[in-house]
Amino acid sequence: MTKKRIWLMILTAFVISVVIVFGSAAAAITHPKPEAQEPTETSITQTEVSFILRIWNDHLGLFRGDSKTPYSEIDMPLYLLTEHDRKLLEEGISAKTEEELRSLIEDITS
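Residues numbered from 1 in each chain as written. Predicted model: local features only at pLDDT ≥ 70, side-chain atom pairs only at ≥ 80, totals over all residues. Heavy atoms only, no water.

Draft legend 1. How the structure looks around the overall build of the chain. When you go through the chain residue by residue, the secondary structure sums to four helices and four strands. When the helices and strands of the chain are listed from N to C terminus, the series reads α-α-β-β-β-α-β-α. Out of the 110 residues belonging to the chain, those deemed buried represent 19%. When contacts within the chain are restricted to residue pairs at least 6 apart in sequence, long-range pairs at least 24 apart make up 40% of them. A total of about 9100 Å² of accessible surface is found on the chain, and carbon and sulfur atoms cover 59% of it. (Helix = DSSP H or I, 4+ residues; strand = E, 2+ residues; numbered from the N terminus. Buried < 20%, exposed > 50% of the residue type's maximum accessible area, 1.4 Å probe, protein only. Contact = heavy atoms within 4.5 Å. Areas by Shrake-Rupley, 256 points an atom, 1.4 Å probe, with all protein chains shown as cover.)

Spelled out as structure tokens, the structure:
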């Protein structure tokens, strides 16, 4: 290859690299990544709501706060529960978060 051709290839590669770099920079400027948001009142309120898992109408009921009716029910034969779990569920087992509630349900139903 001649020197002229080599310089032409190097110049072409350089121009392509510059176009890619500037294109990426322009995209980053026009579409910035979303920043972490401060917790809002709604999200704080949702985490403060307590949940209660207890026996309701011969199966398990999931209650929010002081609600008298469950927002969800789990159809599980109660005879599969241990006596200890049944006594706890008759009184109601509370959970502070939905994650804690999911873990509690998994423990009780498995």
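Next comes the rest of the description.
Draft legend 2. Main features of the side chain of His59. Within the secondary structure layout, His59 lies in strand β2 (residues 59–64). Classification of His59 by relative accessible area gives buried; the value is 13%. Of note is the side chain of His59, whose polar atom sits 2.4 Å from the side chain of Glu73. With sequence-adjacent residues up to four places away left out, His59 is seen in contact with Arg54, Glu73, Ile74, Asp75, Met76 and Leu78. (Polar contact = N/O pair within 3.5 Å; in protein donor to acceptor, adjacent residues only side chain to side chain.)

Draft legend 3. Representation of the pattern of salt bridges. The tally for this structure, following the rule as stated, stands at two salt bridges. Here Glu83 makes a salt bridge to Arg86, at a shortest N to O gap of 3.3 Å. Of the two residues, Glu83 and Arg86 are both situated in helix α3 (residues 83–91); the distance of three residues between them amounts to about one turn of the helix. Take Glu83: its relative accessible area is 48%, and that puts it in the partly exposed class. Measuring nitrogen to oxygen at the nearest pair gives 3.7 Å for the salt bridge that ties Arg102 to Glu98. Here Arg102 pairs with Glu98, and both are found in helix α4 (residues 98–109), just four residues apart, close to one helical turn. Judged by its relative accessible area of 42%, Glu98 is partly exposed. (Salt bridge = Lys/Arg side-chain N within 4 Å of Asp/Glu carboxyl O.)

Draft legend 4. Region of the structure containing α4. With 12 residues, α4 extends 16 Å between its outermost C-alpha atoms, agreeing within 8% with the 16 Å of an ideal straight helix rising 1.5 Å per residue. Three or more residues of α4 are buried, namely Leu101, Leu104, Ile105 and Ile108. The buried residues of α4 all sit within an arc of 100° when viewed along its axis, so they share a single face. In this structure, α4 carries Glu99, Arg102, Glu106 and Asp107 as exposed residues pointing more than 90 degrees from its buried face. Considering only its buried residues, α4 is in contact with β1 (51–56), β2, β3 (72–74), α3 and β4 (93–95). (Expected span 1.5 Å × (residues − 1). Arc of directions from axis to C-beta.)

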